[in-house]
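Structural description and commentary
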Amino acid sequence: MATGFFYRREDNLYLITNWHALTGLDPSTFQPLGAFPDVLVFRYKQSVDGAGNPTAGSTVAIANYEGRLDLYSSGSPIWYEHSTRQNVDVVAVKLSQSELGEWANIPINEVDQSPQLHVAAGMDCFVLGYPKGMIGPGRTPIWKRGAVASEPDYNWRDMPAFLIDTATRDGMSGSPVIVRHSGILLTGEGGTLAGDSLIGTMTKFAGVYSGRIGEDELGVQLGLVWKPEVLEDILTENTRGMHPLR
């Protein structure tokens with residue numbers, strides 16, 4: 001079990017998750033993590049009427065549905081991965097929205113955000129996933145709180161990623177990470193008050209979580225987050241995945 005989220009690029013809908021969740025392999029060592037999956041099962045929401053039937057009219061409820069995709073077509077992976085193929089643990093699976101009925105989810109990049117918010121070390125963040133398979137009401141995710149632990153302006157060990165300090169657990173791989181700031185957002189030079197400064201609570205999508213670093217589950221409690229630029233590469237370059245066992 002892992003976590004994923006939806007992302008829209010132009011007219012295309014994608015499911016975003018971790019490379020290791022679809023391959024069953026460690027992206028750094030290519031050693032098996034467990035079973036070798038060949039089917040992706042994901043859950044999404046539809047608008048339904050009072051009788052539980054999908055409807056595009058007067059919506060009265062949201063129902064949960066299950067989708068299934070073969071991960072390999074004629075022996076080739078269906079996902080897109082980073083163009084460098086250098087252990088970037090993020091993939092995108094293109095979906096056919098017409099096959100999802102009256103689809104009711106909102107892609108994360110279409111949720112209201114504050115683009116002026118600059119992600120920095122020490123900022124509060126949240127990992128939205130399913131720790132140990134735990135599911136919230138209505139199959140909503142659990143929000144695990146943390147803090148940005150390394151400077152996002154710099155790459156972590158030459159990877160387009162940064163660290164967060166949080167007690168995440170298995171099942172949260174592929175979770176979206178958002179940062180949140182409450183108070184005054186100073187946009188002037190040197191962090192001063194300016195005409196476009198904001199007051200209130202601001203959120204921003206910060207990247208894709210892919211697991212804890214190190215082998216000690218209760219040790220440093222640091223997790224790796226891949227920056228949004230990784231998604232831009234994947235969805236722009238359209239590099240088809242390579243078979244992980246070939």
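Reading the values: the criteria
Each residue is numbered by its place in its chain's sequence as written, counting from 1. Local features in this predicted model are restricted to residues whose pLDDT is 70 or higher, and side-chain atom pairs enter the listing and the counts only when it is 80 or higher, whereas totals over whole chains, interfaces and linings include all residues. The side-chain figures draw on all heavy atoms in the structure; neither hydrogens nor water molecules are used. The salt bridge criterion pairs a side-chain nitrogen of Lys or Arg with a carboxyl oxygen of Asp or Glu, the two atoms within 4 Å. The helix and strand labels rest on DSSP assignments: H or I over at least four residues marks a helix, E over at least two residues marks a strand, and numbering proceeds from the N terminus. With a 1.4 Å probe rolled over the protein chains alone, any residue whose accessible area is under 20% of its type maximum counts as buried; one over 50% counts as exposed, and the rest are partly exposed. The criterion for strand pairing is that DSSP finds at least two bridges linking the strands in question. In the analysis that follows, any N or O atom pair within 3.5 Å is treated as a polar contact, provided that within protein one partner can donate a hydrogen and the other can accept it, and provided that, for residues neighboring in sequence, both atoms belong to side chains. Any two residues having at least one pair of non-hydrogen atoms within 4.5 Å are treated as being in contact. In summary, the pairing rule links any two rings of Phe, Tyr or Trp, Trp by its six-membered ring, whose centres are within 6.5 Å, and it sorts them by plane angle into stacked for under 30 degrees, edge-to-face for over 60 and tilted for everything else. By convention a nonpolar core is built from buried Ala, Val, Leu, Ile, Met, Phe, Trp, Tyr and Cys residues, the set being connected through side-chain atoms within 4.5 Å.

Another aspect to go through is the pattern of salt bridges. What the rule picks out here adds up to 5 salt bridges. For arginine 43, the salt bridge goes to glutamate 66, with nearest N and O atoms at 3.4 Å. You can see arginine 43 sitting in strand β3 (residues 39–48) and its partner glutamate 66 sitting in strand β4 (residues 61–70), a full 23 residues away along the chain.

Buried residues dominate strand β11 (residues 161–165), accounting for 4 of its 5 residues. Taken together, the 5 bridges between β11 and strand β14 (residues 222–226) define a ladder with antiparallel strand orientation. In the strand pairing of β14, leucine 163 is matched with leucine 224.

Residue placement: histidine 82 occurs in the loop between β7 (80–81) and β8 (91–95). Polar side-chain contacts of histidine 82 include one of 2.8 Å to the side chain of threonine 84. The contacts of histidine 82, once residues within four sequence positions are left out, are Val88, Val90, Val230, Asp233, Ile234 and Thr239.

Attention shifts here to the side chain of threonine 23. Mapped onto the elements of the fold, threonine 23 is located in helix α1 (residues 19–23). Threonine 23 gets classed as buried once you look at its relative accessible area, which sits at 0%. A polar contact is formed between the side chain of threonine 23 and the backbone oxygen of tryptophan 19, at a distance of 3.0 Å. Here the side chain of threonine 23 touches leucine 25 through a polar contact of 3.2 Å, landing on its backbone nitrogen. Beyond its immediate stretch of four places on either side in the chain, threonine 23 contacts Phe36, Pro37, Trp79 and Pro244.

What follows covers the packing of aromatic side chains. Here a ring pair, both rings aromatic, is described through the centre-centre distance and the interplanar angle of the planes. Counted according to the given criterion, the structure contains 9 aromatic pairs. For the pair tryptophan 19 and phenylalanine 30, a centre-to-centre distance of 5.6 Å together with 80° between the ring planes defines the contact as edge-to-face. Highlighted residues: tryptophan 19 in helix α1 and phenylalanine 30 in the loop between α1 and β3, separated in sequence by 11 residues. Overall, the relative accessible area of 42% leaves phenylalanine 30 in the partly exposed class. Here tyrosine 72 and tryptophan 79 contribute two aromatic rings whose centre-to-centre distance is 5.7 Å and whose plane-to-plane angle is 70°, an arrangement assigned as edge-to-face. Put simply, the rings of Phe5, Tyr7 and Phe205 touch in pairs and so form one group of aromatic residues.

Counting residues in hydrophobic clusters, the biggest one holds 20 residues, and the most contacted among them are Phe5, Tyr7, Ile16, Val90 and Leu231. Among the elements of the structure, β1 (5–9), β2 (12–17), β11, β13 (198–212), β14 and α2 (228–237) are those that each provide at least two residues to this core. Per element, the largest residue contribution to this core is 4 residues, and it comes from α2. Those residues in contact with leucine 231, other than ones at most four positions away along the chain, are Phe5, Tyr7, Ile16, Val90, Phe205 and Val208. The next biggest cluster of nonpolar side chains, apart from the first, holds 18 residues, and it includes Leu13, Leu25, Val93 and Trp103.

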